[in-house]
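Summary of structural features
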Amino acid sequence: MTRFSAAAEDVAKRLRDGMAGGVLSFPLTSFREDGGLDLAAYRAYLSAQLDSAPGAVFPACGTGEFFSLDEDEYRAVVGATVEIADGRLPVVAGIGYGWAQALRFARIAEEAGADAALVLPHYLVAAPQNGLVEQLRRIASGTSLPLIAYQRGQVAFTADSLRRIAEIPTVIGLKDGHSDLDRLQRLTLAAPDGFLFFNGASTAEIQARAYATVGVPAYSSAVHAFAPEIANAFFAALRDGDHAGVTRLLRDFYVPLVELRDRVPGYAVSLVKAAARLRGLPVGPVRAPLTDPGPDDLGTLSKVLDDGLKVVGAVRRSE
């Protein structure tokens, strides 16, 4: 039995159902050329994304450049997402920094109508396990939103700490970005029944088969942000045991994309946004400190995108 609160259990069930039927969508945030938030463009872009039937939507997270948004922009992005989703699927907003600032974002997300929050890794410093647990306790004490912890970078929970955070009634899951399958298997075995786990590795499809072997089949998909046709085809192939289809998509699209991604820091977001622009999607540039790819990398990205779309029988530009 889980120790979730009744409200948190309801959100956990919706997420569980959603991730069984589709990828987890992490939409881009649209900016103008001058760097300002383009909310109208974001609404148009997100509406098209949600038509592709993801299992849940996570606005203002890593792919959505949470780290570059001020509080007013964050409120606008989360509010627009809740409005456009209109209850069709769960909305999980990113929150982060230290617990005090994370709580400010959590309260904004709660007021905007988000269903839950993804707690991004805290800022800068390494911390002991007791501090990682206390960070979540402090956030949970100040918001009624169900919380999903995100271990990545300087945040990595032990099995004992996982048991402790799972006792917090509103902590419903963990997103993993370390790809340490030994550690992850220990965490899944330490978790109570019903606790949610998500594969949050960069370009998560690359490791989706491996994650599934330790009981974590659900994953976030940055590719869904610019090519939902590819993301959905991969999800279906993985779900249906189509190993040949999974292998072809990995070989012809995902591996070349990751090889390009690894050339420059920040390309995990910058390439996604550039690929969306290649599809005619109104997302605009990235904000500093990220940089958009130059002509050579953009040319390589264009070929990788075309190759992936060819595999799934889709065309370059959005309808």
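You'll find the structure just up there.
Here, residues in each chain are numbered from 1, in the same order as that chain's written sequence. Local features are withheld for residues below a pLDDT of 70 in this predicted model, meaning they are given only at 70 or higher, and side-chain atom pairs are given and counted only at 80 or more; totals for whole chains, interfaces and linings count all residues. The side-chain numbers reported here are obtained from all heavy atoms of the structure, hydrogens and water having been left aside.

All right, on to the sheet that holds strand β6 (residues 171–176) then. When DSSP finds two or more bridges between a pair of strands, those strands are recorded as paired. Comment: elements are numbered from the N terminus, with helices defined as DSSP H or I runs of at least four residues and strands as E runs of at least two. A sheet is described by the order of its strands in space; here 5 strands give the open sequence β3-β4-β5-β6-β7, paired in parallel fashion. Since the sheet does not close on itself, it has two edges, and those belong to β3 (92–95) and β7 (196–199), each with one partner. Neighbour-to-neighbour, the strand axes of this sheet turn through a mean angle of 25°, independent of strand direction. Bridge count between β6 and β7: 4 bridges; the pairing is parallel. Within the sheet, the bridge partner assigned to D176 lies in β7 and is N199. Angles run from 0 to 180 degrees between N-to-C directions of axes, and those axes are lines fitted to C-alpha atoms, restricted for helices to the stretch in contact.

Attention shifts here to a nonpolar patch on the surface. On the surface, a cluster of nonpolar side chains totalling about 350 Å² of accessible area is made up of Y123, L124 and V125. Along the polypeptide, V125 turns up in the loop between β4 (116–119) and α5 (129–142). V125 gets classed as partly exposed once you look at its relative accessible area, which sits at 47%. Note that patches include only residues with greater than 30% relative accessible area and no salt bridge, and the join distances are 9 Å for like charges and 5 Å for nonpolar side chains (Val, Leu, Ile, Met, Phe, Trp, Tyr). For accessible areas, the Shrake-Rupley method is used with a probe of radius 1.4 Å. Any residue's cover is judged against the shown protein chains and nothing else. Here, a salt bridge means any side-chain nitrogen of Lys or Arg that lies within 4 Å of a carboxyl oxygen of Asp or Glu. The buried label applies to any residue whose accessible area, calculated with a 1.4 Å probe on protein chains only, is under 20% of its type's maximum; exposed applies above 50%, and partly exposed to all values in between.

This part takes up the sheet that holds strand β1 (residues 24–25). Pairing between sheet strands relies on hydrogen bonds along the backbone, with the strands arranged either parallel or antiparallel. With parallel pairing, the 3 strands of this open sheet are ordered in space as β2-β1-β8. Bordering the open sheet on either side are β2 (56–57) and β8 (220–221), each of which pairs with just one other strand. Sheet topology note: the β1/β2 ladder contains 2 bridges and is parallel. Pairing of S25 across the sheet is with V57, part of β2.

With that settled, the discussion passes to helix α6 (residues 159–166). Residues of α6 that are buried: S161, L162, I165 and A166. Each buried residue of α6 sits inside an arc of 135° when the element is viewed along its axis, so together they form one side. Note that the arc is computed from the directions linking the helix axis to the C-beta atoms.

Attention now moves to the packing of helix α9 (residues 228–239) against helix α10 (residues 243–261). Where α9 contacts α10, the axes come no closer than 8 Å and their chain directions differ by 145°. Touching I230, A231, A233, F234, A237 and L238 of α9 are G245, V246, L249, L250, F253 and Y254, all from α10. Note on residue classes: Ala, Val, Leu, Ile, Met, Phe, Trp, Tyr, Cys and Pro are nonpolar, Asp, Glu, Lys and Arg are charged, and everything else, Gly too, is polar. In terms of residue class, the contact of α9 with α10 is built from 11 nonpolar, 1 polar and no charged. We call two residues in contact when some of their heavy atoms are within 4.5 Å.

The next subject is α5. Here α5 spans 21 Å end to end across 14 residues, near enough to the 20 Å set by a 1.5 Å rise per residue. Listed as buried for α5 are L132, V133, Q135, L136, I139 and A140. Considered in projection along α5, the buried side chains sweep an arc of 150° and stay on one side of the axis. Exposed residues on α5 whose side chains face more than 90 degrees from its buried face are N130 and S141. Summarising the contacts, the buried residues of α5 are in contact with β3, α4 (99–112), β4, β5 (147–151) and α6. Helix span, expected: 1.5 Å multiplied by one less than the number of residues in the helix.

Along the polypeptide, Q151 turns up in strand β5. For this analysis, a polar contact is any N or O atom pair within 3.5 Å, provided that within protein one partner can donate a hydrogen and the other can accept it, and provided that sequence-adjacent residues contribute only side-chain to side-chain pairs. A polar atom in the side chain of Q151 sits 2.6 Å from the side chain of D176. Non-local contacts of Q151, meaning those with residues more than four positions away in its chain, are made with A156, F157, L174, K175, D176, G177, H178, R183 and L187.

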